[in-house]
Amino acid sequence: MTTDLLARLSDGLVYSTIAVLALALLAHAASTALRSLPTRHPGASSTLSVSAQVSAAGASRAAEAPGATGSTRERDATDTRAGEGPGRVVGASAVSLTVLGTLLLLAGVIVRGLAAGRAPWGNMFEFLLVLSLAAGGAYVALVRRRAVREAGVWIVALMLLALGLAVTSFYTPVDDLVPVLDSYWLVIHVAAAIISGGVFTIGAITAALGILRRRWEARPVTERSQRYVAALPTASSLDRASHAVHVFAFPVWTFAVIAGAIWAENAWGRYWGWDPKETWAFITWVFYAAYLHAQSTAGLRGSRASWFALAGYVAFLFNFFGVNLWISGLHSYAGV
Amino acid sequence: MTQLHADKPHREDPDEAAATISPSPVGIGVLGWARWAWRRLTSMRTAVILLTLLALAAVPGSLLPQRGVASDPAAVPQFYAENPDISPWLDRVGLFGVYASPWFAAIYLLLLVSMTGCVLPRCAKLWRDFRSEPTKAPTRLDHLEDHRRDVFVGRRDHGETSTSRVDALELVESALRRRRFRVRVADGAVSAEKGHVREAGNLLFHLSLLVLLFGIAGGRLYGYEARVAVVAGESFTNVASQYDDFSPSVWTDVNALEPFSFRLESFEADFETSGARRGEPRSFDARLRVESGEDSWTAHVRPNQPLEINGTKMFLTGHGYAPVVTVRDGTGATAYSGPVIFLPADNNLTSDGVIKAPDARPAQLGLEGLFLPTAADIGDGAFSAYPDLVNPRLLLTVWTGDLGLDDGLAQSVYTLDKSRLQQVMRPGSDQPFGPQLAPGQTVRLPDDLGTVTFDGVRRFANFQVARDPGKELSLLAALMLLGGLTTSLIVRRRRVYVRVHDDAGTVVVQYAGQSATRRGLPHGEIDSIADDVRHELDRHRQPHRKDAP
Ligand code: HEM
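Thresholds applied
- Residues numbered from 1 in each chain as written.
- Chains lettered and ligands numbered in written order.
- Predicted model: local features only at pLDDT ≥ 70, side-chain atom pairs only at ≥ 80, totals over all residues.
- Heavy atoms only, no water.
- UniProt positions renumbered as here; feature names shortened; annotations may be inferred.
- Helix = DSSP H or I, 4+ residues; strand = E, 2+ residues; numbered from the N terminus.
- Buried < 20%, exposed > 50% of the residue type's maximum accessible area, 1.4 Å probe, protein only.
- Contact = heavy atoms within 4.5 Å.
- Areas by Shrake-Rupley, 256 points an atom, 1.4 Å probe, with all protein chains shown as cover.
- Pairing = 2+ DSSP bridges.
- Axes fitted to C-alpha atoms, helices over the stretch in contact; angles between N-to-C directions.
- Domains from an automatic or database assignment.
- Near = heavy atom within 4 Å.
- Polar contact = N/O pair within 3.5 Å; in protein donor to acceptor, adjacent residues only side chain to side chain.
- Salt bridge = Lys/Arg side-chain N within 4 Å of Asp/Glu carboxyl O.
- Donors = N, O, S within 2.8 Å, 3.2 Å for Na, K, Ca; no water.
- Tetrahedral: all angles 85-135°; square planar, octahedral: opposite > 155°, others 65-115°.
- Left-handed = near helix turned anticlockwise from the far one by under 90°.
- Nonpolar A, V, L, I, M, F, W, Y, C, P; charged D, E, K, R; others polar.
- Phe/Tyr/Trp six-rings, centres within 6.5 Å; stacked < 30°, edge-to-face > 60°.
- Lys NZ or Arg CZ within 6 Å of the ring centre and 35° of its normal.
- Core = buried A, V, L, I, M, F, W, Y, C linked by side-chain atoms within 4.5 Å.
- pLDDT = per-residue confidence, 0-100.
- Parallel < 35°, antiparallel > 145°, perpendicular 65-115°, else oblique.

Per an unreviewed UniProt entry, chain B goes by Cytochrome c biogenesis protein ResB and derives from Nocardioides cremeus. In its Subcellular location (unreviewed entry) section, UniProt records this for chain B: "Membrane".

Under the annotation held in an unreviewed UniProt entry, chain A carries the name C-type cytochrome biogenesis protein CcsB and is attributed to Nocardioides cremeus. Heading Subcellular location (unreviewed entry) of the UniProt record for chain A holds this comment: "Membrane".

In structure tokens:
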């Protein structure tokens with residue numbers, strides 16, 4: 001196949017992804033709405049939240065405990081509530097559509113790579129595709145956790161936003177790279193940076209929802225609204241999901257920064273030069289380190305810690321958009 | 001289950017204690033104050049605060065131009081010129097040199113002190129933990145995180161031996177040992193621990209930051225960075241005086257640079273020839289003949305492919321054109337001859353340069369030139385349309401008088417000091433004299449000042465040379481950091497407790513796990529241990545099983 005054909009195929013796959021994810025977004029929104037309907041038994045959701053809080057640690061394990069073998073295990077209500085009635089079908093199709101969209105996007109990225117004859121992350125357009133793909137991949141990998149599954153509507157919305165920006169403002173035809181980018185360290189460094197970025201996206205969403213939910217839980221029972229936040233997983237399970245996600249993404253980000261330093265040493269003769277891109281990578285890293293410390297600090301756990309995760313994510317986004325577009329430095333070659 | 005683990009994992013952070021110590025030291029004297037301050041400094045809360053400060057302090061350096069970082073060296077003076085009012089104030093608080101400023105250093109040094117003070121006691125504790133036995137099992141296990149209860153009913157009446165408490169204990173112990181737990185058996189209970197390596201990883205990670213500090217210091221104190229532009233066909237010897245720009249560190253031995261020299265045999269550049277990105281560079285290749293000691297060899301320096309000689313590295317960082325020009329003065333003598341480096345001004349390599357001929361007679365000559373590799377002309381504004389040599393042109397303006405080179409002051413080779421020069425005009429006109437030359441052409445200057453010949457064009461390459469004796473140490477630190485961090489995040493430190501009760505031949509085995517990290521126990525670990533034990537018991541005795549109440 002010719003490069004041109006492949007390039008067009010890749011574009012087509014990206015547009016199909018957008019269409020499928022748009023449907024997925026509708027399904028997620030419907031499923032969220034169904035979940036957020038006031039429950040038939042008044043007060044049910046607050047009871048549930050208490051029991052879930054108590055036993056959340058065993059949540060996923062409970063389902064697999066051997067039932068009739070003579071062992072007793074703790075069970076909890078966290079997961080059972082997820083699918084009831086029509087919500088179940090809608091929720092399942094939301095997840096399936098998201099999986100389908102992610103697979104299409106994966107195909108689009110691979111074909112783009114074939115068309116360009118190199119790793120398909122060399123300009124802002126491609127970064128956005130892969131970032132969106134990484135977020136989708138992380139969602140699919142973690143979808144069995146309720147805290148992540150129920151954040152689906154936000155995750156898909158952000159993926160769509162990234163793809164929408166990619167095909168409108170940042171579209172770049174398939175092209176070769178400028179020589180300084182032609183390096184396998186680039187492939188490794190950028191891949192790690194984008195993967196951790198995709199996963200950080202999930203972490204930021206669960207952290208933000210955790211903040212909302214904790215605020216809700218802090219209110220007296222009688223003053224709690226029974227809408228969206230009431231149907232969210234408990235704050236502590238959101239926090240735990242967020243922590244788990246960051247625990248995965250942080251070393252990957254660390255690796256990305258180190259690989260970047262090695263690349264810089266190879267390209268410019270110094271591994272660290274406080275170039276704006278490097279500086280914001282550092283700021284991102286330090287905020288996430290602060291988040292992990294706050295998680296282990298009495299008095300900072302919970303919402304306060306989550307703010308650090310959000311600060312880290314904002315720094316990451318600024319590095320991605322702000323530095324590429326507004327600040328000139330050695331890294332401003334992103335092809336926009 | 002109780003509210004024990006959902007929100008507060010068990011941990012033994014000394015920091016947690018430190019964070020809850022009394023808010024102020026009351027009546028405890030100097031030593032007390034010191035101890036209080038030290039506890040404060042080494043608390044986790046301080047770590048969070050200092051990390052936040054570090055992140056915030058790094059921000060202004062990315063928004064304001066900085067001195068001594070890799071980007072444009074002219075950025076600070078330019079910012080000064082554009083913002084004359086606030087610049088001196090920004091300068092005074094170090095905002096044009098954030099990463100070298102005392103307040104930035106104060107934050108990271110405090111952070112490192114805090115970290116060391118926090119981590120060393122943990123090292124000691126880890127060491128004691130390794131050598132001591134696991135803690136005793138609590139009496140009630142059903143309070144703990146992951147709890148399971150298996151019941152085995154013995155059948156004495158069939159003449160079989162019953163599962164005894166002691167057997168079960170042994171099986172539990174061996175199942176745990178097989179999983180490399182540290183095990184302690186006491187009073188009908190087993191307690192086991194695993195995952196201390198997590199703490200070791202955490203310590204390794206934090207200590208790697210100290211190693212990194214030394215690595216960075218190595219470069220800062222002994223290394224150097226320098227730049228030089230070399231025209232194809234010319235040579236360079238690695239001594240400080242041959243560089244265009246040389247920045248040594250505090251303790252660099254300037255007279256003992258790595259002895260080597262090279263001749264730039266050729267420099268080749270390829271550009272995109274079509275499409276939207278026409279003119280974008282596609283490849284560069286500098287071919288050198290290098291000599292070092294007795295050896296001599298041919299080397300290629302390309303982007304991402306430096307030349308390394310004993311730890312001194314040479315990188316290709318840029319390129320441009322050097323028109324070859326011969327200036328003959330009014331007497332016919334050669335006043336200047338050779339290539340002149342012109343600085344690229346845009347992506348299509350429109351380049352500016354200056355030629356000075358102080359020996360020209362009857363008057364000194366200064367030429368200001370614009371070189372266009374692919375000249376395109378719309379009216380007055382000549383520019384280059386493509387970076388390669390398709391239609392090269394040299395545009396000149398000519399100045400005569402006093403170049404100002406005799407008073408001994410250093411002068412840039414890229415600018416003319418025009419204070420004592422007059423521009424040469426077209427004869428009988430008030431228009432400046434401005435010839436345009438193609439390679440090989442000669443122009444005669446007005447007023448018998450002489451002639452200028454544009455002999456041809458050569459390329460030049462910019463090299464950045466760097467030596468950083470700390471970089472291996474920094475790399476080591478980075479590997480320690482990554483390894484330690486990953487270990488501390490992946491490995492879960494946990495305890496497993498097992499109690500065995502023997503009630504008239506019916507053996508009840510109770511399992512419980514307890515995590516020492518936020519991440520909970522590894523998925524299914526307790527089940528897998530219990531299943532192993534059950535399997536072994538079944539194999540030996542085929543006990544009759546009954547569901548627990
Ligand atoms: C110099 C900057 C520092 C960086 C970049 C840093 C980074 C980190 C990171 C990423 C973790 C996460 C590991 C985890 O969650 O298990 C961690 C854990 C930890 N850090 Fe730091 N740290 C720094 C300074 C400090 C300081 C000053 C202290 C003490 C006051 C400290 C004490 C700890 C402790 C005790 C843990 C283990 C937490 C736990 O048990 O969960 N660190 N550090």
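Next, the rest of the story.
1. Observations concerning the overall build of chain A
Across its full length, chain A carries twelve helices and one strand. What you see in chain A, going N to C, is helices and strands ordered as α-α-α-β-α-α-α-α-α-α-α-α-α. Split into buried and exposed, the 336 residues of chain A put 62% on the buried side. Long-range contacts, defined here as pairs at least 24 residues apart, represent 80% of the contacts in chain A between residues at least 6 apart. For chain A, the computed accessible surface area is about 12,900 Å², with 69% contributed by carbon and sulfur atoms.

2. Some details on the sheet that holds strand 9 (residues 295–301) of chain B
Note on sheets: strands pair through backbone hydrogen bonds, and any given pair is parallel or antiparallel. All names here are of chain B. Across the sheet, which stays open at both edges, the four strands sit in the order 5-7-8-9 with antiparallel pairing between neighbours. With partners counted over all chains shown, the strands left at the sheet margins are strand 5 (235–237) and strand 9, one partner each. Across the sheet, the mean angle separating the axes of adjacent strands is 25 degrees when strand polarity is ignored. Sheet analysis places strand 5 next to strand 7 (residues 261–271), joined by three bridges and oriented antiparallel. Of the residues in strand 7, the one forming a bridge with Ser235 is Arg263.

3. Describing the domain arrangement of chain B
Each assigned domain of chain B is listed with its residue range as follows: domain 1 (27–130), domain 2 (134–194 + 493–540) and domain 3 (224–467). The gap between the C-alpha centroids of domain 2 of chain B and domain 3 of chain B is 81 Å.

4. Quick word on the site of the ligand
In the vicinity of the ligand there are 25 residues, among which His293(A), Ser296(A), Cys118(B), Arg198(B) and His206(B) approach most closely. In this structure, the ligand sits where chains A and B come together, each supplying nearby residues. A distance of 2.6 Å is found between a nitrogen atom of the ligand and a side-chain nitrogen or oxygen belonging to His293(A). Here an oxygen atom of the ligand sits 3.0 Å away from a polar atom, N or O, in the side chain of Arg198(B). Residue assignment for the shell around the ligand shows that the elements contributing at least two residues are helix 11 (276–295) of chain A together with helix 3 (44–63), helix 6 (102–131), helix 8 (196–222) and helix 9 (471–490) of chain B.

5. Some remarks on the pattern of salt bridges
Residue and element names in this part refer to chain B. Throughout the structure, instances matching the rule amount to 39 salt bridges over all chains. Put simply, Asp531 and Arg148 hold a salt bridge, and the shortest N to O gap is 2.9 Å. Here the residue Asp531 occupies a position in helix 10 (residues 525–541), and Arg148 occupies one in strand 1 (residues 146–153), the gap between them amounting to 383 residues. Note that Asp532 is salt-bridged to Arg178, the shortest N-O span being 3.3 Å. Separated by 354 residues along the polypeptide, Asp532 in helix 10 and Arg178 in helix 7 (residues 165–178) bring together distant segments of the chain. Connected via shared salt-bridge partners are Arg122, Lys125, Asp129, Arg198, Glu199 and Arg493.

6. Describing the UniProt feature "transmembrane region" (unreviewed entry) in chain A
Under the feature "transmembrane region" (unreviewed entry), the UniProt entry names residues 12–30, 89–115, 121–141, 153–172, 184–212, 244–264, 279–300 and 307–327 of chain A. When the span residues 153–172 of chain A is considered, its composition is 80% helix and 0% strand, and the gap between its end C-alpha atoms is 28 Å.

7. Description of the coordination of the iron atom of the ligand
Only His293(A) (NE2) and His206(B) (NE2) from the protein coordinate the iron atom of the ligand, and they sit 1.9 Å from it. Classification of the site at the iron atom of the ligand as octahedral follows from its six donor atoms and the range of 84 to 178 degrees in their angles at the metal. Here His206(B) lies in helix 8 and His293(A) lies in helix 11, a pairing that spans two chains. You'll find His293(A) and His206(B) in the same group, each marked buried.

8. Some thoughts on the pairing of strand 11 (residues 312–329) of chain B
Two faces belong to every sheet, and in a regular strand the side chains alternate between them. Residue and element names in this part refer to chain B. Most of strand 11 is tucked away: 16 of the 18 residues are buried. For strand 10 (residues 307–309) and strand 11, the ladder comprises three bridges, and the chain directions are antiparallel. Paired with Glu308 across the strands is Lys313, a residue of strand 11. In textbook terms, the turn of a hairpin is the stretch between consecutive antiparallel strands, and for strand 10 and strand 11 this stretch comprises two residues, one of which, Asn310, has a positive phi near 50 degrees. Of the pairings in the sheet, the one linking strand 11 to strand 22 (residues 450–467) comprises 17 bridges and is antiparallel in character. Residue pairing for strand 22: Phe315 is matched across the bridge by Gln464. Bridge analysis of strand 11 against strand 12 (residues 334–339) gives five bridges, and the strand direction is antiparallel. Note on strand 12: the bridge partner recorded for Val325 is Gly338.

9. What about the packing of helix 4 (residues 86–116) of chain A against helix 5 (residues 124–142) of chain A?
Residue and element names in this part refer to chain A. Where helix 4 meets helix 5, the axes come as close as 9 Å, and the angle between the chain directions of the two elements is 145 degrees. Here the hand of the crossing between helix 4 and helix 5 comes out left-handed. Residues Val95, Thr98, Val99, Thr102, Leu105, Leu106, Val109 and Arg112 of helix 4 form the contact with helix 5, whose participating residues are Phe125, Glu126, Leu129, Val130, Ser132, Leu133, Gly136, Gly137, Tyr139 and Val140. Tallied by class, the residues present in the contact of helix 4 with helix 5 amount to eleven nonpolar, five polar and two charged.

10. Structural notes on the packing of aromatic side chains
For the structure on display, the rule yields 34 aromatic pairs over all chains. Geometrically, the ring pair formed by Phe250(A) and Trp285(A) is stacked, given 5.5 Å between the ring centres and 20 degrees between the ring planes. Of the two residues, Phe250(A) is situated in helix 10 (residues 235–268) and Trp285(A) in helix 11; the sequence distance between them amounts to 35 residues. No difference in accessibility class separates Phe250(A) from Trp285(A), as the two residues are buried. Their ring planes at 85 degrees and their centres at 5.4 Å tell us that Tyr99(B) and Phe104(B) sit as a pair that is edge-to-face. Take Tyr99(B) and Phe104(B): they sit in the same class, and that class is buried. Here the aromatic cluster, defined as three or more aromatic residues joined through ring pairs, consists of Phe127(A), Phe170(A), Phe200(A), Trp253(A), Tyr288(A), Tyr313(A), Phe316(A), Phe320(A) and Phe321(A). Above the plane of the ring of Trp89(B) lies Arg92(B), whose end atom (NZ or CZ) is 4.6 Å from the centre.

11. Overview of the nonpolar core
With 113 residues, the main nonpolar core has Ile155(A), Phe250(A), Trp253(A), Ile283(A) and Phe104(B) as its most contacted residues. With 28 residues, the next largest nonpolar core counts Phe260(B), Phe262(B), Leu264(B) and Ala461(B) among its residues.

12. Some points on the confidence of the model for chain B
Residue and element names in this part refer to chain B. The predicted model of chain B has a mean per-residue pLDDT of 85, with 89% of residues at 70 or higher. In this model residues 1–21 is a low-confidence stretch, pLDDT under 50, and it forms 55 contacts with partners more than four residues away in sequence or in other chains. Across residues 156–160, where pLDDT falls below 50, the model places four contacts with residues more than four positions away in sequence or in other chains. The ipTM assigned to the predicted complex is 0.82, against a pTM of 0.82.

13. Observations regarding the UniProt feature "transmembrane region" (unreviewed entry) in chain B
Look at the UniProt record and you will see "transmembrane region" (unreviewed entry) annotated at residues 46–64, 103–121, 203–222 and 473–491 of chain B. A distance of 28 Å separates the end C-alpha atoms of residues 46–64 of chain B, which is 95% helix and 0% strand.

14. Looking at the environment of Arg214(A)
All names here are of chain A. In this structure, Arg214 sits in helix 8 (residues 184–218). In sequence terms Arg214 and Leu238 are 24 residues apart; their C-alpha atoms lie 9.5 Å from each other. For Arg214, the contacting residues outside a window of four places in its chain are Ala235, Ser236, Asp239, Gly302 and Ser303.

15. A word on the confidence of the model for chain A
Residues and elements named next belong to chain A. Per-chain confidence: chain A averages 81 in pLDDT, with 80% of residues scoring 70 or above. Note on residues 41–83: pLDDT under 50 across the span, and 82 contacts to partners over four residues away in sequence or across chains. Within the model, the stretch residues 330–336 combines pLDDT values under 50 with 20 contacts to residues more than four positions away or in other chains.

16. Side note on the packing of helix 8 of chain B against helix 9 of chain B
All names here are of chain B. Helix 9 packs onto helix 8 with a crossing angle of 160 degrees between their chain directions and a minimal axis gap of 7 Å. As the angle between them shows, helix 8 and helix 9 are arranged roughly antiparallel. In the packing of helix 8 onto helix 9, the handedness of the crossing is left-handed.

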